[in-house]
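Residue-level structural notes
Each chain, letter by letter, is given below.
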Amino acid sequence: MLSNDNKKKLRTMAQSMNANVQLGKGGLDDNLFMTLRNELEAHELVKVSILKTCDLPVREAAIECASMTQSEIVQIIGRTFVLYRKSKKNKLGLNA
């Protein structure tokens, strides 16, 4: 569980990031979850953009992605959400 201070730090970092992953009409599938797991291990912080062709509500997609990748939702803004999961190397140095 992330503390409020850690979430604030992660939101600040995510603000300048481009979306690493895009969710489109394919929806939530195994390839998306595998990509998210790889990105989370490589970067710890992943920004996901939901395209207009996707039928899923943003909050529902964020919750499902977080549960399937054992990550935490940092924030949801518009059609974008940010996920965090500490990697084995703890690259961002958070004690979460």
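Just above sits the structure.
A brief structural summary. (Residues numbered from 1 in each chain as written. Predicted model: local features only at pLDDT ≥ 70, side-chain atom pairs only at ≥ 80, totals over all residues. Heavy atoms only, no water.)

A few words on the pattern of salt bridges. Once their charged atoms are close, side chains differing in charge can pair, the charge on each being opposite to the other. Going through the model one piece at a time under the given rule, you end up with one salt bridge. Salt-bridge contacts for Glu-41 lead to Arg-85; the nearest nitrogen and oxygen are separated by 3.8 Å. Here Glu-41, found in helix 2 (residues 30–43), pairs with Arg-85, found in the segment after strand 4 (80–84); they are 44 residues apart in sequence, far enough to count as distant. Exposure remark for Arg-85: the relative accessible area of 17% places this residue in the buried category. (Salt bridge = Lys/Arg side-chain N within 4 Å of Asp/Glu carboxyl O. Helix = DSSP H or I, 4+ residues; strand = E, 2+ residues; numbered from the N terminus. Buried < 20%, exposed > 50% of the residue type's maximum accessible area, 1.4 Å probe, protein only.)

Taking 1.5 Å per residue as the helical rise, helix 1 (residues 4–15) with its 12 residues ought to reach 16 Å, and the 16 Å between its terminal C-alpha atoms agrees with that figure. The set of residues buried in helix 1 consists of Asn-6, Leu-10 and Ala-14. Looking straight down helix 1, one finds that the buried residues subtend no more than 70° of arc, so they occupy a single side. Of the residues in helix 1, the exposed ones pointing more than 90 degrees away from the buried face are Asn-4, Asp-5, Lys-8, Thr-12 and Gln-15. Those residues of helix 1 that are buried lie in contact with strand 2 (45–50), strand 3 (72–77) and strand 4. (Expected span 1.5 Å × (residues − 1). Arc of directions from axis to C-beta. Contact = heavy atoms within 4.5 Å.)

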